[in-house]
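Working through the structure, step by step
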Amino acid sequence: MGFAERVTRLPRLGLGVSTEYGAGDATGSLDVLALATAHPTYAAFLEVGVETAKGLDEHARAWIATGRPTTYHYLDVNLDEPEDFDDAWLDEVRAIAAMLRPAWMCGDAGLWHLGRRERGHMLLLPPVLTRESADDLADGIVRLRDATGFEVFPENPPGQIYLGDLHVLDFFARVADRADTGLLLDCAHLAMFQRLRGHDPLTGLDGYPLDRVVELHVAGGTPRATDGFAWVEDDHTPAVLEDTWRIVDHVVPRASQLRAIVFECERNPMDACLAGFARLGALLAA
Amino acid sequence: MSHTVLRRVAIRLLHDPAFVEALHDDPARALANVDLSSEEQRWLVRVPRAAWRADPDRPDRVLAALRDEFPATVGLAPTRAAGFLRSKEFHAAVQERGSLAVAFGTYMAGDADRRVTTIARLESAVASVRRAPNHVAPSRDGRLRLVPSARIVRVPAGAAELLAAVRAGTPEPALASNDEPVLVLRAQGSEDVTIERLSPDLATLLDLAASEVSRGELEAAIRSHGSTPAEAVEIVDGLVSEAILR
């Protein structure tokens, strides 16, 4: 069954929030259940960042206990490395997925650990933007989809350095085509890439399969400079850059299969995030 | 898979400013040992030098994780530890998909101070057993082997006491001139690691079980040291029940 048919079976989750192990413990961080109670449409689902070595924290478990919807955001797989799909890891993924019962799996399709998966190796880097790399990544998506039974939507990762000869949108268009999969477009990460390459925020979207976009991520970022090198820190503040909003405003009405938007603001207090949720909610409702 | 090679080089550049300078000074020489196309080399050189250090805490995060696992080694030789990210061991571990902890242990064991070498070897063994799989398939019928979460290490006598003292910040005992075997063992389903002195005979027996061996051979080895057949059975049973052999 092709993606066009498979996607029709996926739920429309609406607007949601994200978390990862320990994120809810920090002082002033977003209380996702409190948000769901006060503003149910802003927290219609929880995207749970999962590192299998850590498992699920008490906040994720409390959310699951309410029976509310989730998605599974992997944080510990280099999709383009076949050796990363060892049986022990897959068993842990399946066990955690059985608890979460996610609508789908998704996550940054980049490098989550240098070398093998072990303590002290964690990082996040974008893939090398070449055709060969895209093909290996696509094969990993199919591998994970087959191994878990869940749809797997690759996300364009953040970065300060992108190597390779492809635009990041062309890269993921190739991935989506080869894996016959949907996509998660992180609008903030795309805005970072466009700035680094000196592009307009919307450059490349005309060749990107918006009809495969199932989920969007929106988050704030902070412009930085290191000895004259300008970049954007992906710090998930509620202050969404105007470049990012331009991408969101362009994509939402054109993404015919859009099922979910996550406002990534998990380490900020609720009041600071409400304006962003309101703007995204209005866009989704339009 | 050229992109894999390329991004491993990128990881090394993100953690070692000296490598960045070497890349810009003489790209061909800096990248002589990696299989990259000229185009891929140009991509690396085109990256502004400052971009590699945009996240200045990145190297410290790696070193902090290693300090957590090698507290006594780093405590004894902090200056050498700080140079790890410039070492050939670090670069080889990244480029060859190795373990940073193993590479760090090897690098620190190259110190001139015998105490550092000794403690680095012990803490490397601890790091190794912590990385051993939790679920181990049993050996074939009638055979046994040392579990991956156990290591026999031969270190100067007094090494375990020195390790404990450095970790606790108490006066450090001297190392003896002779070596002794110790067993580094992680309890099943736990992060807890114990280090205990072994008799030479027991260490030899466990060495025999480094790869799968028949139970009969193990019992024969025990009997050759004067034990009765019943005692040999009891000793092997004990090692199995303590989850040292499986």
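What you see is a predicted model, and the numbers here were worked out from it, not measured in a lab. Every residue gets a number counted from 1 within its own chain, in the order that chain's sequence is written. Each chain gets a letter, beginning with A, and each ligand a number, beginning with 1, in the order they are written. For this predicted model, a pLDDT threshold of at least 70 governs which residues receive local features, and a threshold of 80 or more governs which side-chain atom pairs are given and counted, while totals over whole chains, interfaces and linings are taken from all residues. Remark: hydrogens and water are excluded; side-chain values derive from all non-hydrogen atoms of the structure.

1. Quick notes on the overall build of chain A
Going by this rule: Helix and strand assignments follow DSSP, with helices taken as H or I runs no shorter than four residues and strands as E runs no shorter than two, numbered in order from the N terminus. Taken over C-alpha atoms, the radius of gyration is set against a globule rule of 2.2 Å times the number of residues to the power 0.38. Whether two residues are in contact is decided by their heavy atoms: any pair within 4.5 Å suffices. Residue burial considers only the protein chains on display, and all accessible areas are found by Shrake-Rupley using a 1.4 Å probe. Charged-residue counts in this description rest on Lys and Arg as positive and Asp and Glu as negative, His and the chain ends being excluded. Note that the charge is assigned to NZ on lysines, CZ on arginines, CG on aspartates and CD on glutamates.
For chain A, the helix and strand inventory stands at 9 helices and 12 strands. Computed over its C-alpha atoms, the radius of gyration of chain A comes to 18 Å, within 12% of the 19 Å expected for a compact globule of 286 residues. If you line up chain A on its principal axes, its C-alpha atoms span 45 × 45 × 40 Å. Expressed as a percentage of contacts within chain A between residues at least 6 apart in sequence, the contacts between residues at least 24 apart total 79%. Of the roughly 10,600 Å² of accessible surface on chain A, 49% is carried by carbon and sulfur atoms. Here chain A contributes 25 positively and 45 negatively charged side chains, and the mean placements of these two sets differ by 4 Å.

2. Concerning the pattern of salt bridges
Put simply, the rule is: Salt bridge, as used here, is a side-chain nitrogen of Lys or Arg placed within 4 Å of a carboxyl oxygen of Asp or Glu. In this scheme, a residue with accessible area under 20% of its type's maximum is buried, one over 50% is exposed, and one in between is partly exposed, where area comes from a 1.4 Å probe on protein chains only.
Counted under the stated rule, the structure contains 40 salt bridges over all chains. As a salt-bridge pair, D80 of chain A and R7 of chain B come within 2.8 Å of each other at their nearest N and O atoms. Of this pair, D80 of chain A sits in the loop between β3 (70-74) and α4 (87-100) while R7 of chain B sits in helix α1 (residues 2-15), which puts the two residues in different chains. You'll find D80 of chain A and R7 of chain B in the same group, each marked buried. Residue R167 of chain B pairs with E123 of chain B through a salt bridge whose shortest N-O separation is 2.8 Å. Taken as a pair, R167 of chain B in helix α12 (residues 159-168) and E123 of chain B in helix α11 (residues 114-130) lie far apart in primary sequence, 44 residues in all. For R167 of chain B, a relative accessible area of 42% puts it in the partly exposed group. Salt bridges sharing partners connect three or more residues here, namely D80, E81, E83, D84, D86 and R117 of chain A together with R7 and R97 of chain B.

3. So, the interface of chain B and chain A
Counted only if it meets this: By buried area we mean the combined loss of accessible area, with a 1.4 Å probe, across both parts when two parts are placed together.
With 33 residues of chain B at the contact, the number on the chain A side is 30 residues. Between chain B and chain A, a total of about 2,800 Å² is buried, with carbon and sulfur atoms accounting for 61% of that surface. The largest contributions to the chain B side of the interface with chain A come from H3, R7 and R97 of chain B, which together make up 27% of the buried area. Between the two partners, chain B and chain A, sit 9 salt bridges. Linking E69 of chain B and R119 of chain A is a salt bridge whose minimum nitrogen-to-oxygen distance equals 3.8 Å.

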